[in-house]
Amino acid sequence: MGEIHLTGHPASPGLAIGPVAVLTSAMASRAAKGDPVQEAAALKAAIEAAAAQLAELIATVHGEAAEILEFQVAMLGDDALAESAYEAIATGTAADDAWRAALDVEIAGYRAANEEYFRARAADLVDIRDRVLAGLIGVDAIAKISGDSVVTGEDISPSTFLALDWSRGGAIALASGSPSSHVAMLARSRGAPMVVGLGSLPWNGEPPSLALVDGDTGTVIFDPKPETRRLFEHRMAAANAARIVADANRFKPALTADGRRIAVVLNVAAPEDLAGLDPAICDGIGLVRTEFLFEGSRGLPGEDAQYAVYRRILEWAAGRPVTIRTLDAGGDKPIAGLTIDNERNPFLGLRGIRLSLARPEVFRVQLRALCRAAMHGTLKVMLPMIAIPSELDRANAILDAEFAALTAEGIACARPPIGIMVEVPAAALCAEEFGAAFYSIGSNDLTQYTMAAARDISAVADLNDAGHPAVLALIARTVEAGRERGVEVSLCGDAAADTRLMRALLATGLTTLSVSPNAVARVKAAIAGVTA
């Protein structure tokens, strides 16, 4: 087999070279099978083992990664999921065959659902199915994957991705998948190059031994010729040298080639993201996601617990501005006891500020904690999923009431300014009508809603493009509204760290970009190459 060139969609930037590791399928049948009692016991043990494995992974991650795994643990704990499998086992079906059949029915139902939320969750069910099957059959899907491997296959599950050590290099090359999927977001946060949508991988039997992955252009070369490899390694050396320079400059202010100052702030999913980071690399924090406080089975967090976390983050920032987003639950972020189960279309339902206003007893606690934390730094509060001005007005009224109550109680506090996240096209088109203290554009949802293309569905991955003229026009429209009103406008979605879009984004007039900590150096380097 000669050199194979494939082109797909870039999902996470970077260059990598390594041995090919094909994800092992857990679809084979078990060699030995017992009677119905033994088979039922084997399935029960495999389900419990899968849940335990996921719990171990959850202990090592936080933020969105933890949310994905928590959902899977909850599914495994639902007796209804395995009910039909146990019924089939009682009639003589083997445990693996019964589990596979039961989950395949569930997966088909999720994939055929009208609601985007359920279609996106089909991948979690596939992950659950294969993890339990692997336990039943005795297959370890990642046992032979070394730290520098190029992982290939049809797709990769979030739990498999999180179980691998990406600190030693490696990359991902997938036949399907989406650049906006959960795994792609995780890959970008960990600096793992990733290409998706390569199509059918053209080999039967023995796979290639080596692969070159270009996560910047979306190309993968299997079994490269010596000269091809030499040229690629030369590119990698140049990229590494450029990264060293960029890392050295990450403490310097971000300036365009013609001297325009661009503020670079951080996206933070949990306080752990800041561990070991020097605040001098950034101009502040542009987005603190607070969903991590509500994750898992800990219950809804109290005022003191929230205050302690917010204070810790503000003190880390050492006077730099910190924008904390109020709870953005709903959509693909369900929270037990708070969000609505089986909502017909969660992405267009009671999520973000809509849920907070519908559950004021929870919202008030968070706002009280934020007012108290505002004594310890420069705090700004951001409301998610705002569509109409009255939502901002109602939130301001609740904040005023809680600030007054704290003051009356003699509790030290300050009233932070409230801005809005612009992720609904209606808010972008009418941004000047909102009395917001600032605007922060959430490119992920703004793109999804503008293009009517879900982030996690590979079939419409081409449409989910933050660089589409319609999305850029909405960004420019919001920037202009901010300029007219004299308030700051920032961009905090994945697009802010997409160096391919840097020229187009800065052309809209944006002056503040919020990115993950590991993207700061390359974003500042990309800014330096743009002439405004």
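From a predicted model like this one, the values you see are computed outputs, not experimental measurements.

J.: Outline the domain arrangement of the protein, supporting the account with residue identities and numerical values.
T.: When the parts of a complex come together, some accessible area is lost, and that lost area is often taken as the interface size. Partitioning the protein into domains gives domain 1 (4-23 + 142-242), domain 2 (36-137) and domain 3 (250-529). Of note, the centres of domain 1 and domain 2, computed from C-alpha atoms alone, are 27 Å apart. Counting residues at the interface gives 10 residues for domain 1, matched by 10 residues for domain 2. A buried area of about 780 Å², summed over both sides, lies between domain 1 and domain 2, and 68% of it is on carbon and sulfur atoms. Taken as a group, Ser-159, Leu-162 and His-182 account for 57% of the area that domain 1 buries against domain 2, more than any other trio of residues on that side. Linking domain 1 with domain 2 are zero salt bridges, by the criterion used here. Where domain 1 meets domain 2, there are three residue pairs in polar contact (both at pLDDT 80 or more). When residues of the side of domain 1 that touches domain 2 are traced back to their parent elements, those giving at least two are helix H6 (158-163) and helix H7 (182-190).

J.: Explain empty space enclosed by the protein to me, and be specific about the residues and the numbers.
T.: Tallied over the entire structure, the rule returns three cavities of 30 Å³ or more. Here the largest cavity defines a volume of roughly 70 Å³. Taken together, the elements giving at least two residues each to the lining of the largest cavity come down to helix H10 (353-358) and helix H11 (360-373). A total of three residues in the lining of the largest cavity trace back to one element, the largest contributor, which is H11. Here the lining of the largest cavity is built from residues that sort into six nonpolar, two polar and one charged.

J.: Now, about a negative patch on the surface: what can you tell me, with residues and values included?
T.: Taken together, the side chains of Asp-78, Asp-79, Glu-83, Glu-87 and Glu-106 define an acidic patch exposed on the protein surface. The biggest single contributor to the negative patch is helix H3 (residues 79-90), with three residues. Along the chain, the position of Glu-83 falls in helix H3.

J.: Requested: an account of the pattern of salt bridges, with residues and values cited.
T.: For the structure shown, the criterion picks out 26 salt bridges. For Arg-372, the salt bridge is made with Glu-303, and the minimal N-O distance between the two is 2.8 Å. On the criterion of sequence distance, the pair formed by Arg-372 in helix H11 and Glu-303 in helix H9 (residues 303-317) is long-range, its members being 69 residues apart. Of the two residues, Arg-372 and Glu-303, neither departs from the other in class, the shared state being buried. Residues Glu-480 and Arg-483 are paired through a salt bridge, measuring 2.5 Å at the closest nitrogen-oxygen approach.

J.: Lay out the packing of aromatic side chains with the relevant residues and their values.
T.: Inspection of the entire model under this criterion finds one aromatic pair. The side chain of Arg-372 reaches across the aromatic face of Tyr-307, ending 4.2 Å from its centre. We note Lys-380 situated over the ring of Phe-438; from NZ or CZ to the ring centre the distance is 4.8 Å.

J.: Hey, could you go over the sheet that holds strand S4 (residues 150-153) for me, with residue numbers and the actual values?
T.: Spatially, the eight strands line up as an open sheet ordered S1-S8-S7-S3-S4-S5-S6-S2, and their pairing is mixed. If you trace the sheet from one side to the other, it starts and ends with strand S1 (4-7) and strand S2 (9-12), each paired once. Adjacent strand axes in the sheet meet at a mean angle of 25° when their direction is disregarded. Where S1 lies against strand S8 (residues 219-222), four bridges are found, and the strand directions are antiparallel. Following the sheet pairing, Leu-6 is matched in S8 by Val-220. Contacting S2 and strand S6 (194-196), H7 runs over the sheet at an angle of about 60° to S2. Of the strands in this sheet, strand S3 (15-22), strand S7 (210-214) and S8 are in contact with helix H8 (residues 226-248), which crosses S3 at around 125°.

J.: Can you break down unusual backbone geometry residue by residue, with the values?
T.: One non-glycine residue, Met-385, adopts positive backbone phi at about 60°. Not every positive phi belongs to a glycine, and Ala-452 is a case in point at roughly 50°. Looking at where Ala-452 falls in the secondary structure, it is placed in the loop between helix H14 (443-451) and helix H15 (469-485).

J.: Give me the nonpolar core: which residues, what numbers.
T.: With 87 residues, the main nonpolar core has Tyr-439, Ile-475, Leu-491, Leu-510, Leu-513, Val-523 and Ile-527 as its most contacted residues. Aside from chain neighbours lying at most four places away, what touches Leu-513 is Ile-262, Ala-263, Val-264, Val-265, Leu-491, Ala-496, Met-502, Leu-506, Val-523 and Ile-527. The next biggest cluster of nonpolar side chains, apart from the first, holds 52 residues, and it includes Leu-57, Ile-58, Leu-174 and Ala-192.

J.: Describe in detail H7, supporting the description with residues and values.
T.: Across the nine residues that make up H7, a large majority, seven, are buried. Residues His-182, Val-183, Ala-184, Met-185, Leu-186, Ala-187 and Arg-188 constitute the buried set of H7. Backbone geometry just after H7 places Gly-191 at a positive phi near 70°.

J.: Let's hear about the environment of Arg-477: which residues, and what values?
T.: Position of Arg-477 among the secondary structure elements: in helix H15. Given a relative accessible area of 28%, Arg-477 falls into the partly exposed group. Considered as a pair, Arg-477 and Ser-157 are 320 residues apart in the sequence and their alpha carbons are 37 Å apart. Discounting chain neighbours no more than four positions away, the residues touching Arg-477 are Ala-428, Leu-429 and Glu-432.

J.: Describe the packing of H11 against helix H12 (residues 389-408), naming the residues involved and giving the relevant values.
T.: At a minimum axis distance of 9 Å, the contact between H11 and H12 shows a crossing angle of 60°. Between H11 and H12, the crossing angle belongs to the class labelled oblique. You can see that H11 and H12 cross each other, and the crossing is right-handed. Judged by residue contacts, Phe-363, Arg-364, Leu-367, Arg-368, Cys-371 and Arg-372 of H11 engage Ala-395, Ile-398, Leu-399, Ala-401, Glu-402, Phe-403, Ala-405 and Leu-406 from H12. Of the residues in the contact of H11 with H12, the class split is 10 nonpolar, no polar and four charged.

Conventions we followed
Residues numbered from 1 in each chain as written. Predicted model: local features only at pLDDT ≥ 70, side-chain atom pairs only at ≥ 80, totals over all residues. Heavy atoms only, no water. Domains from an automatic or database assignment. Contact = heavy atoms within 4.5 Å. Buried area = accessible area lost by both parts, 1.4 Å probe. Salt bridge = Lys/Arg side-chain N within 4 Å of Asp/Glu carboxyl O. Polar contact = N/O pair within 3.5 Å; in protein donor to acceptor, adjacent residues only side chain to side chain. Helix = DSSP H or I, 4+ residues; strand = E, 2+ residues; numbered from the N terminus. 1 Å grid on protein atoms, 1.4 Å probe; cavity = no way out; pocket = protein on both sides within 12 Å on 5 of 7 lines; lining within 4 Å. Points joined across faces, edges and corners; volume = space filled by probe spheres on them. Nonpolar A, V, L, I, M, F, W, Y, C, P; charged D, E, K, R; others polar. Patch = residues over 30% accessible without salt bridge, like charges linked within 9 Å, V, L, I, M, F, W, Y side chains within 5 Å. Areas by Shrake-Rupley, 256 points an atom, 1.4 Å probe, with all protein chains shown as cover. Lys, Arg positive; Asp, Glu negative; His and termini not counted. Charge placed at Lys NZ, Arg CZ, Asp CG, Glu CD. Buried < 20%, exposed > 50% of the residue type's maximum accessible area, 1.4 Å probe, protein only. Phe/Tyr/Trp six-rings, centres within 6.5 Å; stacked < 30°, edge-to-face > 60°. Lys NZ or Arg CZ within 6 Å of the ring centre and 35° of its normal. Pairing = 2+ DSSP bridges. Axes fitted to C-alpha atoms, helices over the stretch in contact; angles between N-to-C directions. Core = buried A, V, L, I, M, F, W, Y, C linked by side-chain atoms within 4.5 Å. Parallel < 35°, antiparallel > 145°, perpendicular 65-115°, else oblique. Left-handed = near helix turned anticlockwise from the far one by under 90°.

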